[in-house]
Amino acid sequence: MRKQEFFGMAREQAVALLAAAPVVRLAGVGERGQPVLRTLHAVVLGEWLYFHAAPVGEKSEAVGREAVIAADETVATIPSHVFDPERACPATTYYLSAQAHGALVGVDDPALKARVLQALMEKHQPEGGYVPITADDPRYRGAVRGIAVVGVPLTQVDGKAKLGQNRSADDLGKVLRFLWARGEPGDPRAVDLVRAANPGAPTPEFLLAPAGARLRCALGPADVSAAVELLAGEYWNVDVPRDRIAQGQLASSAWVGAHDEAGALIATGRALGDGARWAYLLDIAVAESWRGRGLGKALVRLLLDHPRVRGCRRVELRTRDGHAFYRGFGFRECTELSGREMALQR
Ligand SMILES: CC(C)(COP(=O)(O)OP(=O)(O)OC[C@H]1O[C@@H](n2cnc3c(N)ncnc32)[C@H](O)[C@@H]1OP(=O)(O)O)[C@@H](O)C(=O)NCCC(=O)NCCS
């Protein structure tokens, strides 16, 4: 089988990678035929990728000529000893990469230029704090006219997701167990990405879940609104605004969950902690229709085994009526406080 058949990435995924990348690289050709390589801020609007440039300079010189714009993300380094105790050869890196190929086109329409500049602001200054850019606003008219905006059509886009697709089921099991055990900051997400790219791979023991549920080691921004839906009605969140619940999920040291076969979020649980001495579990919930099937147990077991939690000597939580559930994991009620604990309730 050709490599591309293993690692090819769907076009939408490649475009999404280019759109989300904090920076992209432009490889083009200047007026004298010299190679031009630049790091850029770029945005995707419709079927185009755009960036801005000084009206004079190598980036602008590359307009009208063929170019490649690329983005990539390292998912995880995989050491050779995962596969072989002696030979260095199997050492590899799992990554995502995407490229758009095409001739660069200069944008003249001031309204489109303003939209691109505004989209760049929204991406890189999402908190606002400025008047939105429009072409006819006197505050921006001169700047919009003076700056060059360049686009490349997203007609020729390809991508690669190197995530172990060429490996046997046995090797994939080794990779997943290794990543979870190593537990470096990106490793829980790498476990999820490797599993998503290899749906036929057997489920490792630490991810065993009731039939139809798939545990996730690292929920992220795409799961926030579904997690808020699961959590907003629970008793400990009744007075908490939804945006605060959302903010809390994203600030977690560990955030695990489960999806059903259609990809809907059906469980969520998170922890804060220092990864060594202390952790606190919170916002643990299973969708009502999934309760009583063992998913909560699988979720909490995964959370307690998370790299940021598993080494902690003390793990705390508060519960109104889940004592019996948590006792099953070894938790005990702290009925006798030593007088040393203090709390600030705000
Ligand atoms: C608590 C919760 C996460 C458990 O999830 P679940 O998927 O229903 O739990 P499981 O099916 O894995 O149950 C595991 C065990 O705990 C028991 N259990 C589940 N919820 C319990 C509860 N609230 N009180 C006592 N025991 C409970 C089950 O009977 C089962 O026991 P078993 O292993 O002897 O059969 C889920 O009920 C939930 O989301 N509740 C609402 C939110 C909540 O209260 N969260 C916890 C806040 S601290």
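Read on for an overview of the structure. Since the structure is predicted, the reported quantities are computational estimates derived from the model, not experimental observations.

Criteria and thresholds
- Residues numbered from 1 in each chain as written.
- Predicted model: local features only at pLDDT ≥ 70, side-chain atom pairs only at ≥ 80, totals over all residues.
- Heavy atoms only, no water.
- Near = heavy atom within 4 Å.
- Polar contact = N/O pair within 3.5 Å; in protein donor to acceptor, adjacent residues only side chain to side chain.
- Areas by Shrake-Rupley, 256 points an atom, 1.4 Å probe, with all protein chains shown as cover.
- Helix = DSSP H or I, 4+ residues; strand = E, 2+ residues; numbered from the N terminus.
- Contact = heavy atoms within 4.5 Å.
- Buried < 20%, exposed > 50% of the residue type's maximum accessible area, 1.4 Å probe, protein only.
- Axes fitted to C-alpha atoms, helices over the stretch in contact; angles between N-to-C directions.
- Parallel < 35°, antiparallel > 145°, perpendicular 65-115°, else oblique.
- Left-handed = near helix turned anticlockwise from the far one by under 90°.
- Nonpolar A, V, L, I, M, F, W, Y, C, P; charged D, E, K, R; others polar.
- Arc of directions from axis to C-beta.

Taken together, 18 residues lie near the ligand, and Val286, Gly292, Gly294, Gly296 and Lys297 sit nearest. Here an oxygen atom of the ligand and a backbone polar atom of Val286 are 2.8 Å apart. Contact distances for the ligand include 2.8 Å between an oxygen atom and a backbone N or O atom of Gly292. Contact with the protein chains removes 67% of the 890 Å² of surface that the ligand exposes when unbound.

With respect to the element layout, Thr268 can be found in strand E12 (residues 265-273). At 2.7 Å, the side chain of Thr268 forms a polar contact with the side chain of Trp255. Discounting residues that sit within four places of it in the chain, Thr268 has contacts with Leu219, Ala227, Leu230, Leu231, Gln249, Trp255, Val256, Gly257, Asp283, Ile284, Ala285 and Leu299.

When glycine is set aside, most residues are seen to have a negative phi, and most peptide bonds are trans. For Asp283, which is not glycine, the phi torsion reads 50° and is therefore positive. Relative to the assigned elements, Asp283 resides in strand E13 (residues 278-286). Owing to a relative accessible area of 6%, Asp283 belongs among the buried residues under this scheme.

This part takes up the packing of helix H6 (residues 169-182) against helix H7 (residues 187-197). Put simply, H6 and H7 touch, their axes get as near as 8 Å, and they point 160° apart. Between H6 and H7, the interaxial angle falls into the category roughly antiparallel. The handedness of the crossing between H6 and H7 comes out as left-handed. Here H6 contributes Leu172, Leu176, Leu179, Trp180 and Arg182 to the contact with H7, which in turn contributes Asp187, Pro188, Ala190, Val191, Val194 and Arg195. Of the residues that constitute the contact of H6 with H7, the class distribution is 8 nonpolar, no polar and 3 charged.

The set of residues buried in helix H2 (residues 11-20) consists of Ala14, Val15, Leu17 and Leu18. The buried residues of H2 all sit within an arc of 155° when viewed along its axis, so they share a single face. The outward face of H2, more than 90 degrees from its buried face, is lined by the exposed residues Glu12 and Ala20.

Here Ile284 lies in strand E13. What makes Ile284 buried here is its relative accessible area of 14%. Residues Ile284 and Ala258, 26 residues apart in the sequence, show an inter-C-alpha distance of 12 Å.

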